[in-house]
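# Understanding the architecture of this molecule
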Amino acid sequence: MTNLLNNWYVKDAIVAVVVGIMVWIGLMLSRREVWRSAMRQVFGRRIVRVSFAILALYTLIAVLDSVGYHQPLRNSDGSLRRHPETNRVIFDSDGRSLLDLLLTPLRNMEEKTYSAPFSATQFTKETLYDDEGKTTRGQPPLKHPRRHVLGTDRVGNDVLYLSLKGIRTGMIIGGFTTLLVIPFAILFGVTAGYFRGWIDDLIQYIYTVLSSIPSLLLIISFMIVFGRGLPQLCIIMGITSWTGLCRVLRGETLKLRELEYVQAAEAMGVRRARIMFQHIVPNLMHIVLITAVLSFSGRVLAEAVLSYIGIGVGADTISWGSMINDARQELARDPVIWWKLIAALVFMVGLVLPANLFGDALRDALDPRLRTE
Amino acid sequence: MFAYLTRRIAYAFPILLGVNLLVFVLFFYVNTPKNMAETILGEKRVTQEQIDNWLREHNYHLPRFVNLQERFPSTFTQTIFWQKSMGLFAFRFGQSDVDNHDISAELRKRIPHSVALALPIFFASLLITIAAAMIVAFYRATYIDYVALVTCVLMMSISLLFYIIGGQYLFAIHLRLAPVSGYDAQFPHLVKFLILPVFIGLIGSIGGGVRYYRTIFLEEINKDYVRTARAKGLGEGTVLFKHALRNALLPILTNVIVSIPFLIMGNLLLENFFGIPGLGSYMIEAIGKQDFAVIRSMAFLGSVLYIGALIIVEVSYSIADPRIRLQ
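So, how was this worked out
- Throughout, residues of each chain are indexed from 1 in the direction in which the sequence is written.
- Chains carry letters from A onward and ligands carry numbers from 1 onward, assigned in written order.
- Predicted model: local features are reported for residues with pLDDT of at least 70 only, side-chain atom pairs are reported and counted for 80 or more only, and whole-chain, interface and lining totals are derived from all residues.
- Hydrogens and water are ignored here; the side-chain numbers use all heavy atoms of the structure.
- Numbering of helices and strands runs from the N terminus, with a helix taken as a DSSP run of H or I at least four residues long and a strand as a DSSP run of E at least two residues long.
- Type-normalised accessible area, obtained with a 1.4 Å probe on protein chains alone, sets the label of each residue: buried when under 20%, exposed when over 50%, and partly exposed for intermediate values.
- The contact definition used throughout considers only heavy atoms, calling two residues in contact when any of these lie within 4.5 Å.
- Charge assignment in this entry is limited to Lys and Arg as positive and Asp and Glu as negative, and neither His nor the chain termini are counted.
- For this purpose, a charge sits on NZ of Lys, CZ of Arg, CG of Asp or CD of Glu.
- For our purposes a nonpolar core is just a set of buried Ala, Val, Leu, Ile, Met, Phe, Trp, Tyr and Cys residues, chained together by side-chain atoms within 4.5 Å.
- Counted as salt bridges are all cases of a side-chain nitrogen of Lys or Arg within 4 Å of a carboxyl oxygen of Asp or Glu.

### As for the overall build of chain B
A tally of regular secondary structure across chain B gives 13 helices and 0 strands. What you see in chain B, going N to C, is helices and strands ordered as α-α-α-α-α-α-α-α-α-α-α-α-α. Its C-alpha atoms put chain B at 80 × 55 × 35 Å along the principal axes. Out of the 327 residues belonging to chain B, those deemed buried represent 48%. Taking contacts inside chain B between residues at least 6 apart in sequence as the whole, the part at least 24 apart equals 71%. Of the side-chain charges in chain B, 28 are positive and 21 negative, and the distance between the mean point of each set is 8 Å.

As structure tokens, then:
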């Protein structure tokens, strides 16, 4: 199972499905006049248009970084290398993504160790030999002087490249997690609100129990049991955000089910499932959308904190949180190595700020009375 | 009131039982005691005998729910669930998995330090955010309001890690206004060590708080009683600070409980960075040492505190709003 999930074509298929769903939702919503007029209001302000453009750019980078492939190994004469017995083509063991392909020059600009942004020389001093064989202490020149916009880190990787790779992790935790839990939140919330009785009691009990454990403690317990990693983090963050959305949707369904149009549908003998999914759910979609966008930023910020305290994504996943974690020792040095920390924080603000602004605009247009923390 | 409290606490019990079961399943089914022993003793080069000894030492060798080898009362008491999980209800947290220290004693030692950090942050941020939100609401729909709102959203978008790292660097290392980290529980020294973490915690909570309270005040301002107050000639200041504030207390109270988990989360980082030996740094140490017993206890204790806070808020509703009767 894990093997299958780790296959690049399975991952690519998941990416395709997710992008497909997003496009489909967009198309479905744009057909409804209510949404079209709301969107016109949302996009009427320039700051929102800018925010949306930045979010779209981040999404594009994340999608590009999610489409992976493995390169076939080649012999020195350029022909494909094949397994001597099975005659199969042998592939490179570490996968690449389309983003890696685009950023090949950046990825290959490796140095020996730290260098400051736009610096021509290495940050740390070492023993240099000049032409006459004399030795001096000094900062050796870089292989790619003045080309590292954000400097390089301890092992000489370009920090801009690392920050760009962090986008995918942030977007998965912020966005993909929501896509995972929304169906469950809608199903449980609407069922509880519509049927009431023991079903309501049961669902309420489940989400009250889950939300009674402060989310950070629940996440820590979960992660310490399952170990660090991106999938685990997505699941537990999904669970913690599921409870809030489920509660709001249940409350809203309780209100909607008493309205005349639902009563009329019931009187006409429309089946319950049809009432729930055709008459109630469409009228909850604005809440789902607002919550999804506004909780997005919270999760991106939380990832950094969790990776920092050592229970976030694993060490092999590049994320802003792990970059900040690395920066811990770097800050203790004198002079301070600040660029990795600042890069991670700026990329994070670059994602979280537009998400917050866009979410606020959505709420103002769709449901100004909805209180969100 | 007393009957209400009793009933409310009785309602809380099944929830806590659910929390207890959830934590139990997570720590004893998903992650079996044997896994735990292997993690703590080291995966490799550990013999079956060592594992068995460790399990027996910590009472993890017992069956999980029902012990059929014992006679009636012991059938249920001589089990992991009874020994490890039910004890939590009586705040018997048992001993740590890694170095066998008594968790309850450790908690008693650490709670005052956490409170010393959390309380000033809590009250100062409540006071400052509400005051700032009212000023912003006073200047609603002006340029000041717009700038304040954008500033709030910007402040919310910056990670607490940045405030901590940046604040520590600027005030402690660069300007040398406060110690970089450290702790002393003696009173006059305490202030010196707490002032910077409290200040940073405050900065971290301002953005979200002001924005949230501003919406609450704006909602109140558009209500009928405010129009009446204005119509009879009261000044805008009186309307806002006397009438609207009193009525906004209810939603503010609700937000106060919402901010309690944030308080725990924020303090975890603050305690870690500033070397304050409270519950937050206890958690981080436990994560580092993979101390399952400590994390299990903290998860339960956290939900007890959370549910307790909920009850207190409900009771204080009736104080803030005389129309609400607790029945």
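### Some remarks on the nonpolar core
Of all hydrophobic cores here, the largest spans 161 residues; its most connected members are Ile-167, Ile-220, Ile-309, Trp-320 and Ile-324 of chain A together with Phe-27 of chain B. Counting 21 residues, the second-largest nonpolar core is a separate cluster that includes Phe-122, Cys-152, Ile-216 and Leu-240 of chain B.

### Re the pattern of salt bridges
For the structure shown, the criterion picks out 24 salt bridges over all chains. A salt bridge links Arg-36 of chain A to Glu-33 of chain A; its shortest N-O distance comes to 3.4 Å. You can see Arg-36 of chain A and its partner Glu-33 of chain A sitting in helix H3 (residues 33-42), 3 residues apart, about one turn around the helix. The closest approach of N and O atoms between Glu-258 of chain A and Arg-257 of chain A, which form a salt bridge, is 3.1 Å. For Glu-258 of chain A, a relative accessible area of 44% corresponds to the partly exposed category. Owing to a relative accessible area of 14%, Arg-257 of chain A belongs among the buried residues under this scheme. Within the structure, one salt-bridge network assembled from shared partners comprises Asp-360, Arg-363 and Asp-364 of chain A together with Arg-211 of chain B.

Nothing here speaks to function; it is geometry throughout.
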